[in-house]
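The lines below spell out each chain.
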Amino acid sequence: VMACHLNHHLRGEEANSDMEFCKELCRQNNIELFVKEVDVNKLSNELKISHEECGRNCRYKFFNSLAEKYNAKIATAHNSDDNLETTIYNMTRGASLKGLSGIPKVRDYIIRPLINTSREKIEEYCKGYGLKYVTDSTNLTDEYTRNKIRNIVIPYIKKEFNPNIIETITRLADVVSSEDDFIENVSNENYKKLLVIGEKNRIE
């Protein structure tokens, strides 16, 4: 097992403190750590894209390079809360079946073993076993669209409509994902059959 951490340099000293936390945690557990630092604020301005998009692109570019170099899989910590936020975000933008499927459990070399586990249960587990963790302070603000969904929309839905909305959307995402996979597989099979028929007719 190896670990990787990308410092976005968006939160000043807090970002550096998080980086040092990762270094110390990996040192204590004898885990090899790969660290990269990127000035996301500067890069996003140069590319004229949002901090969110730029940060995500930088992270996965970093992940890609390590996965290819070590022929490894990347396990991210996405949980069911993240999946709910993504599904709602996609719905507001007009999502297809793939968008309503939320965050995929597996995509190429990326695996998400905690995708069906809530953030609350993960934090309870950490507290129960005395495991230290850090919280990104920007998650507590309403500056970004996802944060507004997390801090305003979801609590309102839980209070007014469905306290089990996370479990409900998780089941929905699983069903929709299965249906999307089925449709895609059938479409690909029929497309290949049509190609064979077309090639046979061309030869004849």
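Refer to the structure above for everything that follows.
Residues numbered from 1 in each chain as written. Predicted model: local features only at pLDDT ≥ 70, side-chain atom pairs only at ≥ 80, totals over all residues. Heavy atoms only, no water.

J.: Whenever I open this one, the pairing of strand β2 (residues 32-37) confuses me. Can you help?
T.: As a general feature of sheets, a regular strand has side chains that alternate between the two faces. The sheet contact formed by strand β1 (residues 2-7) and β2 spans 6 bridges and is parallel. If you follow Cys 4 over to β2, its bridge partner there is Phe 34. On the question of chirality, the crossover connecting β1 to the parallel β2 by way of helix α1 (residues 13-28) is right-handed. (Pairing = 2+ DSSP bridges. Helix = DSSP H or I, 4+ residues; strand = E, 2+ residues; numbered from the N terminus. Right-handed = clockwise from strand over helix to strand, strands pointing away.)

J.: Looking at this model, I keep getting lost on the nonpolar core. Mind explaining?
T.: In summary, soluble globular proteins display a tendency toward joint burial of nonpolar side chains. Of all hydrophobic cores here, the largest spans 8 residues; its members are Leu 6, Phe 34, Val 38, Val 40, Cys 54, Cys 58, Phe 62 and Leu 66. Setting aside its immediate chain neighbours within four residues, Phe 34 contacts Met 2, Ala 3, Cys 4, His 5, Phe 62, Leu 66 and Tyr 70. (Core = buried A, V, L, I, M, F, W, Y, C linked by side-chain atoms within 4.5 Å. Buried < 20%, exposed > 50% of the residue type's maximum accessible area, 1.4 Å probe, protein only. Contact = heavy atoms within 4.5 Å.)

J.: How should I be thinking about helix α6 (residues 119-128) in this particular structure?
T.: Since the α-helix advances by 3.6 residues per turn, residues separated by three or four positions end up pointing in the same direction. Among the 10 residues of α6, 1 are classified as buried, and the element is accordingly described as predominantly exposed. Just downstream of α6 lies Gly 130, where phi reads positive at about 65°.

J.: What is the right way to look at the packing of helix α4 (residues 80-92) against helix α7 (residues 145-160) in this model?
T.: Two packed helices can be described by the angle between their axes and the distance between those axes. Contact geometry of α4 with α7 gives a least axis separation of 10 Å together with a crossing angle of 100°. By the angle between their axes, α4 is roughly perpendicular relative to α7. Contacts between α4 and α7 pair Asp 82, Leu 84, Glu 85, Thr 86, Ile 88 and Tyr 89 from the former with Thr 145, Arg 146, Ile 149, Arg 150, Ile 154 and Ile 157 from the latter. Tallied by class, residues from the contact of α4 with α7 come to 6 nonpolar, 2 polar and 4 charged. (Axes fitted to C-alpha atoms, helices over the stretch in contact; angles between N-to-C directions. Parallel < 35°, antiparallel > 145°, perpendicular 65-115°, else oblique. Nonpolar A, V, L, I, M, F, W, Y, C, P; charged D, E, K, R; others polar.)

J.: It is not clear to me how the sheet that holds strand β3 (residues 74-75) should be interpreted in this structure. Could you clarify?
T.: Two strands in a sheet stick together by hydrogen bonds in their backbones, pointing the same way (parallel) or opposite ways (antiparallel). Here 3 strands make up an open sheet; going across it, the order is β3-β5-β4 and the pairing mixed. Strands with a single pairing partner mark the edges of an open sheet, and in this sheet they are β3 and β4 (106-107).

J.: Any chance you could explain the side chain of Thr 76 here in plain terms?
T.: One can find Thr 76 in the loop between β3 and α4. Discounting chain neighbours no more than four positions away, the residues touching Thr 76 are Tyr 60, Phe 63, Ile 110, Ile 111, Arg 112 and Pro 113.

J.: Quick question: what am I supposed to make of helix α3 (residues 51-70) here?
T.: Its 20 residues place the ends of α3 29 Å apart at the C-alpha level, agreeing with the 28 Å of an ideal helix rising 1.5 Å per residue. Among the residues making up α3, those that are buried are Cys 54, Gly 55, Cys 58, Tyr 60, Phe 62, Phe 63, Leu 66 and Ala 67. Contacts made by the buried residues of α3 are with β1, β2, α2 (40-47), β3, β4 and β5 (110-111). With its phi angle positive at about 50°, Asn 71 sits one or two positions after the end of α3. (Expected span 1.5 Å × (residues − 1).)

J.: Please explain the layout of surface pockets as it appears in this structure.
T.: Its boundaries defined by the atoms lining it, the second largest pocket holds a volume of some 330 Å³. Lining of the second largest pocket is provided by 18 residues; of these, Ser 101, Gly 102, Ile 103, Pro 104 and Ser 177 occupy positions nearest its centre. Listing elements by their share of the lining of the second largest pocket, those giving two or more residues are α4, α5 (97-100) and α8 (165-203). The class makeup of the residues in the lining of the second largest pocket is 5 nonpolar, 8 polar and 5 charged. (1 Å grid on protein atoms, 1.4 Å probe; cavity = no way out; pocket = protein on both sides within 12 Å on 5 of 7 lines; lining within 4 Å. Points joined across faces, edges and corners; volume = space filled by probe spheres on them.)

J.: Help me out: how do you make sense of the pattern of salt bridges in this one?
T.: Proximity of charged atoms lets side chains of opposite charge pair with each other. Overall, the coordinates contain 10 salt bridges when judged by the stated rule. Between Asp 18 and Arg 11 there is a salt bridge, with its nearest N and O atoms 2.9 Å apart. On the basis of relative accessibility, which here comes to 10%, the residue Asp 18 falls in the buried class. Residue Asp 82 is joined to Arg 119 by a salt bridge in which the shortest nitrogen-to-oxygen separation is 3.1 Å. One end of the pair, Asp 82, is in helix α4; the other, Arg 119, is in helix α6, with 37 residues separating them in the sequence. Beyond isolated ion pairs, a larger network of salt bridges with shared partners links Asp 81, Asp 82, Glu 85, Arg 119 and Arg 150. (Salt bridge = Lys/Arg side-chain N within 4 Å of Asp/Glu carboxyl O.)

It is worth stressing that arrangement in space is one thing and function is another; only the former is reported here.
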